[in-house]
Each structure stands twice: as C-alpha cells, then as structure tokens.
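# Results of the structural survey
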Amino acid sequence: MAEATLGFAIVGAGMIAQFHADAIAAAPGARLIAVQARNLERARAFAEKNGCRAAETLDELVSDPSIRAACIATPSGLHAESAVPFLRAGKAVLCEKPLDVTRGSLDAILDAERTGGGVLAAVFQNRLGRGARALKAAIDAGRFGRFTLCSAYVKWWRDQTYYTDSGWKGGWRLDGGGALMNQGIHAVDLLQWLAGMPAQVAAFSATLAHKMEAEDTLAASLRFPNGALGVIEAATSAWPGTDLRIEIAGEKGSATLLKDQIVRWEFAEPLPEDSDIRSTADTSIGGGASDPRAISFEGHRRLVEDLTNAVREGRQPMIPGAEARKSVDLVLAIYESTRSGRVVTL
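Residues numbered from 1 in each chain as written. Predicted model: local features only at pLDDT ≥ 70, side-chain atom pairs only at ≥ 80, totals over all residues. Heavy atoms only, no water.

## Observations regarding the packing of aromatic side chains
Quick reminder of the rule: Ring pairs shown here join Phe, Tyr and Trp side chains whose ring centres sit within 6.5 Å, with only the six-membered ring taken for Trp; geometry is labelled stacked below 30 degrees between planes, edge-to-face above 60, and tilted in between. Burial classes: relative accessible area under 20% of the type maximum marks a residue as buried, over 50% as exposed, and values in between as partly exposed (1.4 Å probe, protein chains only). The criterion for a charge sitting over a ring is simple: Lys NZ or Arg CZ within 6 Å of the ring centre, and within 35 degrees of the ring normal.
Applying the stated criterion across every chain, the model contains five aromatic pairs. Between Tyr-162 and Tyr-163, the aromatic rings sit 4.9 Å apart at their centres with planes inclined by 90 degrees, giving edge-to-face as the arrangement. A relative accessible area of 15% means that Tyr-162 is categorised as buried. A residue is classified by how much of its surface remains accessible, and Tyr-163, at 6% relative accessible area, is buried. A centroid spacing of 5.1 Å and a plane angle of 75 degrees characterise the contact between Trp-265 and Phe-267, whose relative ring orientation is edge-to-face. Of the two residues, Trp-265 and Phe-267, both sit in the buried class. Taken together, the ring pairs in this structure connect Phe-144, Phe-147, Trp-265 and Phe-267 into an aromatic cluster. The positively charged end of Arg-143 is found above the aromatic ring belonging to Phe-267, 4.0 Å away from the centroid.

## Regarding the packing of helix H4 (residues 79-88) against helix H5 (residues 103-116)
Note the threshold: All axes are obtained by fitting lines to C-alpha atoms, using only the stretch in contact for helices, and the reported angles, taken between N-to-C directions, cover 0 to 180 degrees. Only DSSP runs of H or I reaching four residues or more are called helices, and only runs of E reaching two or more are called strands; each is numbered from the N terminus. An angle below 35 degrees is treated as roughly parallel, one above 145 as roughly antiparallel, one from 65 to 115 as roughly perpendicular, and anything else as oblique. Two residues form a contact once any of their heavy atoms are found within 4.5 Å. Three residue categories are used. Nonpolar comprises Ala, Val, Leu, Ile, Met, Phe, Trp, Tyr, Cys and Pro, charged comprises Asp, Glu, Lys and Arg, and polar comprises the others, including Gly.
One way to put it is that H4 packs onto H5 with a least axis distance of 8 Å and a crossing angle of 10 degrees. Judged by the inter-axis angle, H4 sits roughly parallel to H5. In this structure, H4 contributes His-79, Ala-80, Val-84, Leu-87 and Arg-88 to the contact, and H5 contributes Ser-105, Ala-108, Ile-109, Ala-112, Glu-113 and Gly-116. The class makeup of the residues in the contact of H4 with H5 is six nonpolar, three polar and two charged.

## Describing the sheet that holds strand S8 (residues 200-206)
The condition is simple: The pairing criterion for strands is at least two bridges between them, as found by DSSP.
What the eight strands build is an open sheet, ordered S13-S12-S11-S7-S10-S9-S8-S14; its pairing is mixed. Where the open sheet ends on each side, the last strands, each with one partner, are strand S13 (261-267) and strand S14 (344-345). Its contacts with the sheet put helix H10 (residues 185-195) on strand S7 (147-155), strand S9 (217-223), strand S10 (229-235) and strand S11 (245-250), and the angle it makes with S7 is roughly 165 degrees. Sitting on the sheet, helix H13 (residues 321-340) is in contact with S8, S9, S10 and S14, with an inclination near 65 degrees to S8.

That's the geometry; what it means functionally is another story.
Right, dumping it as structure tokens:
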C-alpha cells in the first residue's frame, strides 16, 4: 500500500467505540475517517468529539475507497451484520469480543473473510501482556511437562445499572448470554490459547445478584484431551470484583497470572531468567474487574497498529478471526451444558 495512513471507520458509538477512536488516534499509520451508528445523533456527537464525519448508513462506509479498515463496536449479537459487508468488499475488520454469539453468525463472518479477501482481526488484548506472553513461551517450551490443572477465574462486579441502562447487556439475543460471554470471554480466550481447547465441559449457572435475562454467575468443569482437568468461573456478582486469574499446573511446574502479573512461577527445573519473569507485568492493558471503563486503550492501540501493518504487509494479524472463534465455541458448549444438565463434548 502506498498510502501514508490507513483509513479507518468505526461502527458503533458507545463506550467501547471511544477506546477504538483513541487507539486509532495513537496508532502509527492509522487515521479515523468516519463513524456510523444506529442512533445518528449519537454518531454525530461522537464524530464531532473525534474529528471525523458521521455516516448515515453502513453502505456509505463500505463503498468509501478511503476507508480500508473498520472497527466493529456494536452490541455483540450485531457484529456479523456489520463485519460481513466490509470483509466481502475486501476490507480489513477489527472486531470487538466476542466475534459474535451464534455459530451461524461466526460462519458468516469467516466465510466473508475467505470469499471477499478481507483481513479479520479480533480484540483479545489480554494476550498482548508481557506476563501472558511469558506464560505462553514457558508452555511452548514444555516447562510444565504434562498439564494437570488449567483454570480461569473472572470474579467481577457490575451494578444493576450496567444492565438496565444498556438496553442489551445480559440478554441472549444481543449479548449472547451474561457474565461468561461478555466478561468471561477474555479469560476463556486466554485459557484456550495457553492450554488448548477442552474436550469436555460440564457447567452450572445462576442469576443471583441482578435482574437480567442471562446468568451473572457460572461455574464450569473442564476435561482436556490429555486428561488434565480445570474450571472456569465467571461472574459479575462478586463484589467488589477481583482481577482476572489464570492458573496453569503440570507435573513439572505451576504458574498463576493475576491480570497480567505473574504471582506464582515455580518449576522443578529452574532457569536463570525466572527471577526476572516473576516481576513481569503489563499494567498498561488494564483490568475492569469492578468498572468496565477502568481499562486502558493501549491494548486496542496495539491491535490497531498490528492490523494496519498486516494490511500493508499482506499477512495475518496477531489474533485472526479463526482464533477468535475458538472462545465462542467453548462458551456455547458451556451454555449447552447449563441448559441440558449433561456433559458436552466439543
């Protein structure tokens, strides 16, 4: 590409859209051109704040040759209807988590990427932290030996207004579920990225601290293909909220990642670099355990920069769409178990 900057659009004008606007403004080689939202007045206010124009329709963005990429920041269940037209037009898409909330919608997004020649990237910024990457490197190096226990915990808090004021959060159609699909998806993605996909799941869910359609509390048991076991706990009912935690244990070592801070790092065969790794953390990524706004846009900035470079270099982004699908498939299997009361095989 010869352009000095890659033109971006944002679809959606809610809270998370502002993170994308800030990320585009800070990412080298990216430029925000336009925003589109169902509420045109909200889009115009967003455009005025961020120095871009407000488009009246999605087609206006898709047909604009100056727009080469789009950030999808709509409610989760509407991701496919926004992402698919851009991908079919051969443009790049950075899609908020989850990729979408049904298997049919996931199929549609990935099919549009294949047939249209666009580039699809996903927002799972927790993978980018230094602690997470150190843990991944140790796993890839075989330092844990055979896994025995691999678990993820998202014990967060949201007050009732988080659900009642949004008009869509905590519902099945647009949010795809509750605490697991919306908040827990980050930990689900991290766990399967680190330990692989479980082979079987069995789960219970409940709505205990809020008035909402889906669950605010869920616990799932996992069995991995190699025989290792684990759990996923996801909640927005755990006041005041504690940081996301990943625990990996094996026959030769154990490690715990709290947000992005490595708080346990013990191996049967120590290495000289272990002392430095124990102090590894990336506080710029942020958490959101008790406040969804309490995250930095730095993770989004890195993803925007990576997508910009991926388009220019003709390569896949760091977190491609096929990777983003895995966490949703796992969440859907867990929900199937909560409904059926049975063990579900993936």
